[in-house]
Every structure is written in structure tokens, then in C-alpha cells.
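Working through the structure, step by step
The residues making up each chain are set out below.
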Amino acid sequence: MSHTALITGASSGIGMEFARYHARRGGDLVIVARRQEPLEALKSELESAHGVTVTVVAQDVGSPAQATALYETVKAQGIDVDILINNAGFGGHGAFLDRDLAKDQAMIDLNISALVTLSHHFGNDMKRRNGGRMLHVSSTASFIPGPYQAVYFATKAFVTSFSQAIDQEMRKDGITSTALCPGLVETEFVATADLGGTGLARQKGATPASVAKCGYDAMMKGELIAINEQRLSFMLNWMTPLMPRRQVLKMVAGMQTK
């Protein structure tokens, strides 16, 4: 049986570490991102080190149309995707009314709409083959509202909810869906999201490799949600829900104020 994983946002950070971890287990890959050069370098590294087949697709998946185009590209090459890892996404700091609306709409397109599109296309293929796995990179942000990252936190709340719901629907078809909800990770995200100078950015983040392993292992076990830190898991599941909502909002706002 084939063991091919498609990973979006694979040119750096957690996505790149997913690819390395999967390749070490002997799996073939389709690695996707906008930047071709790092994808080609990763392809050479993994094929040389592990003897797997890596297909590079240098393409933006920031909209439903682009996500569909990716699916059609993969199908045209005769590749069956057994594992879909929806890793691509981005955030952005600032008060909602002060932010560029087009940037927030683009965030929704990538973090939500493209993810749903890929899950639908590849999920139907998995259903026809009676099996498959999905891993959606969400965030601990999905458990709480996020003043000064209002749209980002809301997109991740969608991802975590969506992932659990479709897992329940697809189990009968042999398909599992897992939401990976890490805390801060040492990637390009902080700079891209303009979080420098916030309390959140001053914390020490987890390594991308450790987060990728946490999510991948949870996916292979068919778990619903994976949180990479026990402390965060306890706080989000047992403490935050009992706190007054206004207190939670003020706490998060304080962490994200420069």
C-alpha cells in the first residue's frame, strides 16, 4: 500500500519538519509551498537520505481556486495522497479596525477556505479508497478569542472545530482527522505576523521538529486534538473555561500589546 503525504507550507518551519519525519518513516511526499528553491533543496535532502520519492509543487494555495488547482496537478501526475497535512497558514497583529481588510480576507482564504477545499477533494479520494489520514495545523489560539489577532484566532477556532466534526463523519470511511494545536513555535511566524515586541513573542517557543513529531504521532494514533505542551493543555482545557470571559480577553490582549 502506498504511503504518500501531501504537506502544504513545506518550505520551512513545521511543514519542513513534517516532511523530514515522514520521510524517515519511509513515506513518499508531495511538498507544496510558494518558494521553489527551498522545496528543491528539501527534495534533494530527503531523497538522498531516505530513498523516498518527493514531488515538488511550487504553488500558492491561498484561495479555493488555487487549492483546487493543486489537487488537479497532483491527480494529473497519478499520485494518490494517503495523508493530507494542511500546514500552510499565517497570522497578523493589530487592532481589527486598523488592519488592512484585504490581508485579513487573504488570511481567511488560506487558513480556512483553502484548507476546506483540499480536505474535500482529497477526502473524497480517501473515501473511495476506504482509508486515509488528515492533520490540520491549528493553534492553542483556537481555544480562546484573540484581541489584536482577532481574525487569526477565529480562523484557528474554525480549524479545530472543523477537524473534529469531519473526523466523526469520516470514521466510518476509514478516515481520521486530527487538529494539531501548538503554542508558540520558533518559526518565521512571529516575524510574519508582526508579533515582535509583544509579551507572547518574548516567551521561548517549542522547536518545529518537536511540534511536528507531536502532531504526526497523534495523527497516526487517530487522536482528535494534539497539544504539544501539558501545561498549555491543562490551562486551556481546565482553567481558562472557568475564568470570567472578560478576564480572559484582558489577559490575551495584554500578551499581545506592544
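We now turn to the structure provided with this report. Since the model is a prediction, treat every value here as computed from it, not as a measurement. Every chain is numbered on its own, with residues counted from 1 as its sequence reads. Thresholds applied to this predicted model are a pLDDT of at least 70 for local features of residues and 80 or more for the giving and counting of side-chain atom pairs; totals over whole chains, interfaces and linings are not thresholded and use all residues. Note that the side-chain values use all heavy atoms of the structure and ignore hydrogens as well as water.

Digging into the overall build of the chain
Numbering of helices and strands starts at the N terminus; helices are DSSP runs of H or I of at least 4 residues and strands are runs of E of at least 2. Each helix and strand counted, the chain has 9 helices and 7 strands in total. Against the 2.2 N^0.38 benchmark of 18 Å for 258 residues, the chain shows a C-alpha radius of gyration of 18 Å, consistent with a compact globule. Along the longest, intermediate and shortest principal axes, the C-alpha atoms of the chain span 50 × 40 × 35 Å. Here's how the labels work: a residue is buried when its accessible area is under 20% of the maximum for its type, exposed when over 50%, partly exposed in between, all with a 1.4 Å probe on protein chains only. Put simply, the chain has 258 residues, and 50% of those count as buried. Contacts are assigned to residue pairs that have any heavy atoms within 4.5 Å of one another. Long-range contacts, defined here as pairs at least 24 residues apart, represent 70% of the contacts in the chain between residues at least 6 apart. The globule rule is 2.2 Å times the number of residues to the power 0.38, and the radius of gyration it is compared with is taken over C-alpha atoms.

Section: the pairing of strand β3 (residues 54–58)
Two strands qualify as a pair provided DSSP detects at least 2 bridges between them. As defined by bridge partners, strand β2 (residues 28–33) adjoins β3 across 5 bridges and the pair is classed as parallel. Its bridge partner being in β3, Ala33 is matched across the sheet by Ala58.

Focus on the packing of helix α1 (residues 13–24) against helix α7 (residues 208–221)
Every axis corresponds to a line fitted to the C-alpha atoms, with the helix fit spanning only the stretch in contact, and the corresponding angles, defined between N-to-C directions, vary from 0 to 180 degrees. For the pair α1 and α7, interaxial distance at closest approach is 8 Å and the crossing angle is 60 degrees. Between α1 and α7, the angle falls in the class oblique. Relative to α7, α1 is oriented so that their crossing is right-handed. Along its contact with α1, which presents Gly13, Ile14, Glu17, Phe18, Tyr21 and His22, the element α7 presents Pro208, Ala209, Val211, Ala212, Lys213, Tyr216 and Asp217. Oblique is the label for every angle not falling under 35 degrees (roughly parallel), over 145 degrees (roughly antiparallel), or within 65 to 115 degrees (roughly perpendicular). In this scheme the crossing of two helices becomes right-handed for a clockwise turn of the near helix relative to the far one and left-handed for an anticlockwise turn of less than a right angle.

Considering the packing of α1 against helix α2 (residues 36–50)
A pair of packed helices can be characterised by two numbers: the angle between their axes and the separation between those axes. Put simply, α1 and α2 touch, their axes get as near as 10 Å, and they point 20 degrees apart. With respect to α2, the element α1 is oriented roughly parallel. When the axes of α1 and α2 are compared, the crossing they make is right-handed. Here Met16, Ala19, Arg20, Ala23 and Arg24 of α1 lie close against α2, whose contacting residues are Leu42, Glu45, Leu46 and His50. Residue polarity follows a fixed list, in which Ala, Val, Leu, Ile, Met, Phe, Trp, Tyr, Cys and Pro are nonpolar, Asp, Glu, Lys and Arg are charged, and the others, Gly among them, are polar. A per-class count over the contact of α1 with α2 returns 5 nonpolar, 1 polar and 3 charged.

Side note on the packing of aromatic side chains
Working definition: a ring pair exists when centres of Phe, Tyr or Trp rings (six-membered ring for Trp) sit within 6.5 Å. Plane angles under 30 degrees give stacked, over 60 give edge-to-face, the rest tilted. Tallied over the full model, the rule gives 4 aromatic pairs. Measuring from centroid to centroid gives 6.2 Å for Tyr152 and Phe153, while their planes differ by 75 degrees, and the two rings are edge-to-face. Among the residues examined, Tyr152 registers a relative accessible area of 9% and is labelled buried. A residue is classified by how much of its surface remains accessible, and Phe153, at 8% relative accessible area, is buried.

A look at the side chain of Lys156
Tracing the sequence through the fold places Lys156 in helix α5 (residues 150–170). Just so you know, the count uses Lys and Arg for positive and Asp and Glu for negative, and it drops His and the chain ends. Salt bridges, as used here, are contacts in which a Lys or Arg side-chain nitrogen is within 4 Å of a carboxyl oxygen on Asp or Glu. Of the side chains with opposite charge, Asp104 comes closest to the buried, unpaired Lys156, at an N-O distance of 13 Å. When residues no more than four places from it in sequence are discounted, the contact partners of Lys156 are Asn111, Val137, Ser138, Ser139 and Ser142.

Examining the sheet that holds β2
Spatial strand order, β3-β2-β1-β4-β5-β6-β7: 7 strands in an open sheet with parallel pairing. Lying at the two open borders of the sheet, with one neighbouring strand each, are β3 and β7 (225–226). Pairing analysis gives 3 bridges linking strand β1 (residues 4–8) to strand β4 (residues 83–86), with the strands arranged parallel. Across the sheet, the residue bridging to Ile7 is Ile85, located in β4. Contacting β1, β2 and β3, helix α3 (residues 64–76) runs over the sheet at an angle of about 150 degrees to β1.

Regarding the pattern of salt bridges
For the structure on display, the rule yields 11 salt bridges. Where Glu45 meets Arg20, a salt bridge forms, and the shortest distance between an N and an O atom there is 2.9 Å. On the criterion of sequence distance, the pair formed by Glu45 in helix α2 and Arg20 in helix α1 is long-range, its members being 25 residues apart. In this structure Glu45 comes out as partly exposed when scored by relative accessible area, which is 34%. With relative accessibility at 22%, the residue Arg20 sits in the partly exposed group. One network of salt bridges, with partners in common, ties together Glu17, Arg20 and Glu45.

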